[in-house]
Amino acid sequence: MKIVPLIQFGLGGVGRALVRRVLDANDDFEWRYGIRFLYVALSDSRGAAVAAEGFSYAQLMHMLTVKASGGSLADSEWGYKRGELTDLVDLAGTEDAIVIDVTASDETVDALLLALERGYGAALANKKPLTGPYRTFRHLTASGRCRYESTVGAGVPVIATLSETIIPSHDPVHHIQGCFSGTLGFLTTGLEAGRSFSQLVAEARTRGYTEPDPRDDLSGMDVARKALILARTLGWPLEMEQIPVEPLFPPEMAQGSVAEFMTALPRLDEAYAQQMAQARAQNHTLRYVARIEAGETRVGLQEVPLDSALGQLRGSDNLVAFHTQVYAETPLVLQGRGAGVDGTAAGVLADLVALARS
Ligand SMILES: NC(=O)c1ccc[n+]([C@@H]2O[C@H](COP(=O)([O-])OP(=O)(O)OC[C@H]3O[C@@H](n4cnc5c(N)ncnc54)[C@H](OP(=O)(O)O)[C@@H]3O)[C@@H](O)[C@H]2O)c1
């Protein structure tokens, strides 16, 4: 049996769901794959905890309780005030280790690179390290020991389909098209049902579908990051600045408080209602689409036929359609819940197993 040491950065919603999933799966993985995961270090934004011999089930559960109630790892019995993440990798890393990045931080790159240099694996749900300069993406992914399934479509196997089926089968990609935001899916299907844009944004915010400032979702930047990861996975050396991104609000509404933004939103209702009516007159509808084609990527609101896969998408599901030489007539389509801590943790766990078995 192979023991696989885990060093995890981040114990938020996804991080805690992942710890639980690893603990639940360990017995099954031992007989199924001959591997067992062992947490040797954990870190949040303020604290860390290290145990060379590995944390027990009870210790991990205690740390999850501390974190779920808003505390820091530093407050737990085994925790201390956090230093550099690179030091944590240096201290806790041993053969076969995997470093997991389930933060939303852009400060993890050096520690991830150190782990990869040492021959460890890396599994990321955090998009930021992969969407900085292209050379950092190359540096992180060159060894093949860095996996990032959950960065696009959460647990829906978008990256695995591209990098383990389409690319290795030498099937040329004509284009990839997808809806990668559950929040924007909720808005566009609501517009299709005749509801007003401002009402829909307000409801999405109340339901917790948006970030605290809904402009973070409506800017399209999160979708652009996912599109950039897909384009780079295809091998295109794109930078973020090269992606045209169409936000769902005008530039003057980018300034000011969230309350001011919400008050100004009804101004956009008529334009979106008209745009949807024009689309419907052509048997089309509106979707917020990322399109990756011929070395270029663009992200924005687009008319799509009502009877297409994207047109039939409902609510907050994600969808990606791969149009390749093999899948020319009918695209290869993946669809499912593209957000949520459990699906995201499931995608990371699948990456851990793939790394542990390689
Ligand atoms: N939630 C989803 O549905 C979903 C879907 C796909 C991908 N993702 C991605 O998964 C990642 C985690 O999401 P989440 O919802 O779990 O976020 P979250 O609840 O905000 O948790 C983030 C965690 O990272 C920790 N952290 C922040 N900066 C850190 C640093 N410099 N070093 C170490 N730890 C640090 C935070 O520490 P504190 O606890 O001290 O604040 C927190 O524990 C994000 O990158 C997100 O984009 C999430």
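Residues numbered from 1 in each chain as written. Predicted model: local features only at pLDDT ≥ 70, side-chain atom pairs only at ≥ 80, totals over all residues. Heavy atoms only, no water.

Structural notes on the side chain of Thr210
Okay, step 1: In this fold, Thr210 is placed in the loop between helix 8 (197-206) and helix 9 (215-218).
Okay, step 2: For Thr210, the contacting residues outside a window of four places in its chain are Thr183, Ala204, Arg205 and Asp217. (Helix = DSSP H or I, 4+ residues; strand = E, 2+ residues; numbered from the N terminus. Contact = heavy atoms within 4.5 Å.)

Overview of the pairing of strand 3 (residues 47-50)
Okay, step 1: Of the strand pairs in this sheet, strand 2 (residues 35-43) and strand 3 are connected by 3 bridges, and their pairing is antiparallel. Looking at strand 3, one finds that Ala41 is bridged to Val50.
Okay, step 2: Once strand 2 ends, the chain turns through 3 residues before running back antiparallel as strand 3.
Okay, step 3: The pairing of strand 3 with strand 4 (residues 79-81) spans 3 bridges and is classified as antiparallel. When the bridges of strand 4 are listed, Ala49 appears paired with Gly79. (Pairing = 2+ DSSP bridges.)

Some thoughts on the sheet that holds strand 3
To summarise the sheet geometry, strands pair through backbone hydrogen bonds and adopt either a parallel or an antiparallel arrangement.
Okay, step 1: Strand order in the open sheet formed by 7 strands is 4-3-2-1-5-6-7, with mixed pairing between adjacent strands. Only two strands of the sheet have a single neighbouring strand rather than two, namely strand 4 and strand 7 (146-147).
Okay, step 2: Contacting strand 1 (2-9), strand 2, strand 5 (98-101), strand 6 (121-124) and strand 7, helix 14 (residues 341-357) runs over the sheet at an angle of about 120 degrees to strand 2. (Axes fitted to C-alpha atoms, helices over the stretch in contact; angles between N-to-C directions.)

A word on the pattern of salt bridges
Okay, step 1: A full pass over the atoms with the stated rule returns 16 salt bridges.
Okay, step 2: A salt bridge links Arg36 to Asp27; its shortest N-O distance comes to 3.0 Å.
Okay, step 3: In this structure, Glu203 engages Arg207 in a salt bridge whose closest nitrogen and oxygen atoms are separated by 2.6 Å.
Okay, step 4: Here Glu203 falls in the partly exposed class, since its relative accessible area comes to 22%.
Okay, step 5: Accessibility expressed as a relative area gives 47% for Arg207, which makes it partly exposed.
Okay, step 6: Connected via shared salt-bridge partners are Asp27, Glu30 and Arg36. (Salt bridge = Lys/Arg side-chain N within 4 Å of Asp/Glu carboxyl O. Buried < 20%, exposed > 50% of the residue type's maximum accessible area, 1.4 Å probe, protein only.)

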